[in-house]
Amino acid sequence: MNINAAAAKQMLSFAALNKNELGKLLMSLDPEDPASGKLSVTEPLANSLVAELTGIGSPDPNRSTLPIEELSLQFQDGLVLVHVRTSAEKKISFLPLHPSFTLKFRIQQIHFNHRKHKIMFTSENGFALRSILNAAASRTEALSLEDDRIVFDLDRTLAAGKIPPWLSLVFLSCKDGRLDLAYQIKE
């Protein structure tokens, strides 16, 4: 791969700005064949990135627009399980009565290229989830409902403008505590 000076400068700038996350991502490359183009995002790494992108769990109450105290992801059998804990003190009308619950999603597609950064899901939770998502979507521009799919737009989170245009990702699988992706670096 030939990389021109401008692309190399952009890559190094991205690496410097994101050195903590980049180190974690480098650990998820296949050690047997790091040039294979495969990346495995572990649950701890995904949870760290979600917390950073959403501000959920931050001591700064202005970082997140969602009324959620804790959010964690789990990858198993093709599903992304989202464990949510809300404040027991705050009554949130659109959430289930119990302050802790799990939502099940199946990744349909990932658009992650120089133009857009979106993850499309379907839900395994049915009608109850639709009302939760409608209410959540009204509180954040990052979440929307399109036909029978849920769309999470990373360009409408704290990640906006921080994702390098030279990185493309393709969804491979979601199982055994890992989200497996194929990556490609383009000039």
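Everything numeric in this text was worked out from a predicted model, so none of it was measured.

Student: What's the story with the pairing of strand β9 (residues 178-185) in this structure? I'm lost.
Tutor: Bridge count between strand β1 (residues 38-42) and β9: 5 bridges; the pairing is antiparallel. Bridge pairing in β9 links Val 41 to Leu 179. Pairing of strand β8 (residues 167-175) with β9, which is carried by 8 bridges, proceeds in the antiparallel orientation. Each bridged residue has a counterpart across the sheet, and for Phe 171 the counterpart in β9 is Leu 181. Where β8 hands over to β9, the hairpin turn is made up of 2 residues, of which Asp 176 adopts a positive phi near 50°.

Student: Just checking my understanding: could you explain the pattern of salt bridges for this structure?
Tutor: For the structure on display, the rule yields 3 salt bridges. As a salt-bridge pair, Arg 156 and Asp 153 come within 3.6 Å of each other at their nearest N and O atoms. Between Arg 178 and Asp 180 there is a salt bridge, with its nearest N and O atoms 3.0 Å apart.

Student: What is the right way to read the side chain of His 111 from this model?
Tutor: If you trace the backbone, His 111 turns up in strand β4 (residues 100-112). Judged by relative accessible area, which is 19%, His 111 ranks as buried. Aside from chain neighbours lying at most four places away, what touches His 111 is Lys 116, His 117, Lys 118 and Met 120.

Student: What should I look at first to understand the confidence of the model for the chain in this one?
Tutor: For any part of a model where pLDDT is low, the fine detail of the predicted coordinates should not be relied upon. Per-residue confidence for the chain averages 75 on the pLDDT scale, and 59% of its residues sit at or above 70. By mean pLDDT, the top-scoring element of the chain is strand β2 (residues 70-76) (90), and the lowest-scoring one is helix α2 (residues 19-27) (63).

Reading the values: rules and limits
- Residue indices follow the written sequence of each chain, beginning from 1 at its first position.
- In keeping with the predicted nature of the model, local features appear solely for residues at pLDDT of at least 70, side-chain atom pairs appear and are counted solely at 80 or more, and the whole-chain, interface and lining totals rest on all residues.
- Working from all heavy atoms in the structure, the side-chain values ignore hydrogens and water.
- Should DSSP find at least two bridges between two strands, the strands are taken to pair.
- Starting at the N terminus, helices and strands are each numbered in turn, a helix being any DSSP run of H or I of at least four residues and a strand any DSSP run of E of at least two.
- Counted as salt bridges are all cases of a side-chain nitrogen of Lys or Arg within 4 Å of a carboxyl oxygen of Asp or Glu.
- Each residue's exposure class comes from its accessible area (1.4 Å probe, protein chains only) as a fraction of the maximum for that residue type: buried when under 20%, exposed when over 50%, partly exposed otherwise.
- We call two residues contacting when some pair of their heavy atoms lies within 4.5 Å.
- pLDDT expresses, on a scale from 0 to 100, how confident the predictor is about each individual residue.

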